[in-house]
Amino acid sequence: MTTAGTRIRIYSAMSVDGYIATEDGGVGWLDQFSGDTGYEEFFKEIHTVVMGRTTYEQVRGFDCPWPYANKRTVILTTKNLTDLPDDQTTLYSGNVRDLVADLRKTATTGDVWLVGGRVVTQAFLDAGLVDEIELYVMPVLLNRGIRMFSPSEDTPNVLCNLRLKECKAFPHGVVKLVYNRADVS
């Protein structure tokens, strides 16, 4: 599925038990894990960020400037949102396969980051559109919350083998795992 340029990438932190947020969507539990894990280098490789409306509204609620300035941002939503942060932010309500085809045609440099949330990530996985998964496993058990992966009724009942590209442990107990689809070189 990979083209010569643009890759569709998941980059996310999760607890050891597979959660990306608390039941109320909170991510404050991540604050205890400070230190450089390579985010700045990753972000330099990104041309476009894609997220769902819930993730968008959560990010807008943070007490900080829009973190995706100078990046094309696509918000997957069926609602008409107003007061978008910049002119590079657009709304999309169509098929994710069509979106990826468009992103791969129009992205001149860089990759696409699926920021989240879970429904968006799962839709891209279900469609077989994800080229790389970069996970940061945090040494904590949340015991409940929002799962990183959550198959839906649309999730194909087929095995999707992954190939480990990188594994790195950080001093604060965080483990970085980077996978590519096994059928992609």
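Relevant structure appears above.
The present account deals with the structure reproduced in this document. Just so you know, these numbers come straight off a predicted model, no measurement behind them. (Residues numbered from 1 in each chain as written. Predicted model: local features only at pLDDT ≥ 70, side-chain atom pairs only at ≥ 80, totals over all residues. Heavy atoms only, no water.)

**Examining the sheet that holds strand E9 (residues 162-169)**
Rules: DSSP bridges decide pairing: two strands pair if at least two such bridges lie between them. Secondary structure elements are defined from DSSP: runs of H or I of at least 4 residues count as helices, runs of E of at least 2 residues count as strands, and each element is numbered from the N terminus. Interaxial angle, 0 to 180 degrees, is taken between N-to-C directions of lines fitted to C-alpha atoms, where a helix line uses only the stretch in contact. Throughout, a residue-residue contact means that at least one pair of heavy atoms, one from each residue, lies within 4.5 Å.
Here we have eight strands laid out as an open sheet, ordered E5-E4-E3-E6-E1-E7-E10-E9, and mixed in their pairing. Edge strands, defined here as strands with exactly one partner in the open sheet, are strand E5 (89-92) and E9. Along the sheet, successive strands turn relative to each other by an average axial angle of 20 degrees, direction set aside. Pairing geometry for strand E1 (residues 8-15) and strand E6 (residues 111-116), over three bridges, is parallel. Among the inter-strand pairings, Ile8 is bridged to a residue of E6, identified as Val112. The strands touched by helix H3 (residues 96-106) are E1, strand E3 (46-52), strand E4 (72-76), E5 and E6; relative to E4, the strand with the most contacts, the crossing angle is about 175 degrees. Helix H4 (residues 118-126) rests against E1, E3, E4, E6 and strand E7 (132-138) of the sheet, and its axis sits at about 110 degrees to E3.

**Observations concerning the packing of aromatic side chains**
Where we set the bar: Paired rings are identified among Phe, Tyr and Trp, the last through its six-membered ring, by centres lying within 6.5 Å, and are further divided according to the angle between planes into stacked (under 30 degrees), edge-to-face (over 60) and tilted (the rest). Only protein chains enter the area calculation, which uses a 1.4 Å probe; residues under 20% of their type maximum are buried, those over 50% are exposed, and those in between are partly exposed.
A complete count under the given rule lists 14 aromatic pairs for this structure. Ring centres 5.1 Å apart and planes at 55 degrees place the aromatic pair Tyr11 and Tyr136 in the tilted group. Taken as a pair, Tyr11 in strand E1 and Tyr136 in strand E7 lie far apart in primary sequence, 125 residues in all. Each member of the pair, Tyr11 together with Tyr136, is buried.

**Topic: the side chain of Thr73**
Locating Thr73 in the fold gives a position in strand E4. Sequence-distant contacts of Thr73, defined by excluding residues within four places in its chain, comprise Val49, Met51, Trp66, Tyr68, Gln88, Thr89 and Thr90.

**Considerations on the pattern of salt bridges**
Selection rule: We count a salt bridge whenever a side-chain nitrogen from Lys or Arg sits within 4 Å of a carboxyl oxygen from Asp or Glu.
By the definition in use, this model includes 15 salt bridges. With a shortest N-O distance of 3.0 Å, Arg53 and Glu57 are connected by a salt bridge. Here Arg53 and its partner Glu57 are both found in helix H2 (residues 53-61), four residues apart, which amounts to about one turn of the helix. On the basis of relative accessibility, which here comes to 40%, the residue Glu57 falls in the partly exposed class.

**Considering the environment of Asp126**
Along the chain, Asp126 turns up in helix H4. It is 7.0 Å that separates the C-alpha atoms of Asp126 and Asp154, two residues lying 28 residues apart in sequence. Setting aside residues up to four positions removed in sequence, Asp126 forms contacts with Ser152, Asp154, Thr155 and Pro156.

Function cannot be read off these values alone, since they describe shape.
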